[in-house]
Every structure is written in structure tokens, then in C-alpha cells.
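Each chain, letter by letter, is given below.
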Amino acid sequence: VPWSVEVSDPDGDDLAALTESTELAVDLLHYTGSHHHAHPSSRISGQLSGVLQVDDVHAPGNVVVRLRATVTDASGARTTSLPAYVCLSGSTAGPCAG
């Protein structure tokens, strides 16, 4: 799954510093009925794009991959993106149910 993050700072922090402080959280959400629990899959730091290898071996048809990016600027202000979900082929869980 290809992914990319765009970062900017209204205070004018430079892109290299923002990139260095960026972390992408990749979590596998394992659904049992309407409830889920998260399996932290990986954390990718200092990159704004890449390719993820994902699968649903843990619970075929009941796994959704959640991506969230967090960046911290030079003043310590931190923000986390809204989640993006990756629906795997055959998944009918959570946000992939529709």
C-alpha cells in the first residue's frame, strides 16, 4: 500500500525538520463483531512517503489497517492526523463493512 504525508507549519519551520519529527503509526484493527482491539504494527519515523506490506493473516476478513501521522514542530506543538483506513480484499469489518 503506497502512502504519503504532507506537512507544513504556520510558524515557518523548515520541511527537513518537520520531516524528521514525523511519525506514521500503522495499526491493525482486529474486529470481533462491532468491537475491535488494536495491534500496533509499525511506527515509521522521519519519512513522508513509502510503501507498506499489509495482510490479514491474524484474522482473515476481520482486519482493517489504520494509518495516523503525527508531527511535532520546533516549538513542541504536536498534531495527529485523522485516521486513514486500508480495507483489505474481503474485509467486512469496521469502516470496511459498507
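Parameters at a glance
Residues numbered from 1 in each chain as written. Predicted model: local features only at pLDDT ≥ 70, side-chain atom pairs only at ≥ 80, totals over all residues. Heavy atoms only, no water. Salt bridge = Lys/Arg side-chain N within 4 Å of Asp/Glu carboxyl O. Helix = DSSP H or I, 4+ residues; strand = E, 2+ residues; numbered from the N terminus. Disulfide = S-S within 2.5 Å. Buried < 20%, exposed > 50% of the residue type's maximum accessible area, 1.4 Å probe, protein only. Core = buried A, V, L, I, M, F, W, Y, C linked by side-chain atoms within 4.5 Å. Contact = heavy atoms within 4.5 Å.

Draft legend 1. Representation of the pattern of salt bridges. Taken as a whole and judged by the stated rule, the model has three salt bridges. Ionic pairing is found between Asp27 and Arg43, a salt bridge with its closest N-O pair at 3.0 Å. Taken together, the residues span a long stretch of sequence, with Asp27 in strand 2 (residues 23–32) and Arg43 in strand 3 (residues 35–45) at a distance of 16 residues. Residues Asp27 and Arg66 are paired through a salt bridge, measuring 3.1 Å at the closest nitrogen-oxygen approach.

Draft legend 2. Quick look at the state of the cysteines. Inspection of every chain in the model, using the stated rule, returns one disulfide. Disulfide partner of Cys87: Cys96, at an S-S distance of 2.0 Å. Between Cys87 and Cys96, the disulfide has an S-S torsion of -90 degrees and is therefore left-handed. Given the relative accessible area of 44%, Cys87 is considered partly exposed. Accessibility expressed as a relative area gives 11% for Cys96, which makes it buried.

Draft legend 3. Quick peek at the nonpolar core. Judged by nonpolar contacts, the single largest core of 17 residues is most densely connected at Trp3, Leu24, Val26, Ile44, Leu52, Val65 and Leu67. Broken down by secondary-structure element, the contributors of at least two residues to this core are strand 2 and strand 5 (63–72). At five residues, strand 5 tops the list of elements feeding residues into this core. Beyond its immediate stretch of four places on either side in the chain, Leu67 contacts Leu24, Ala25, Val26, Leu52, Leu82, Pro83, Ala84 and Val86. Core analysis: the next-biggest nonpolar cluster, separate from the first, contains five residues, Leu29, Val64, Ala93 and Cys96 among them.

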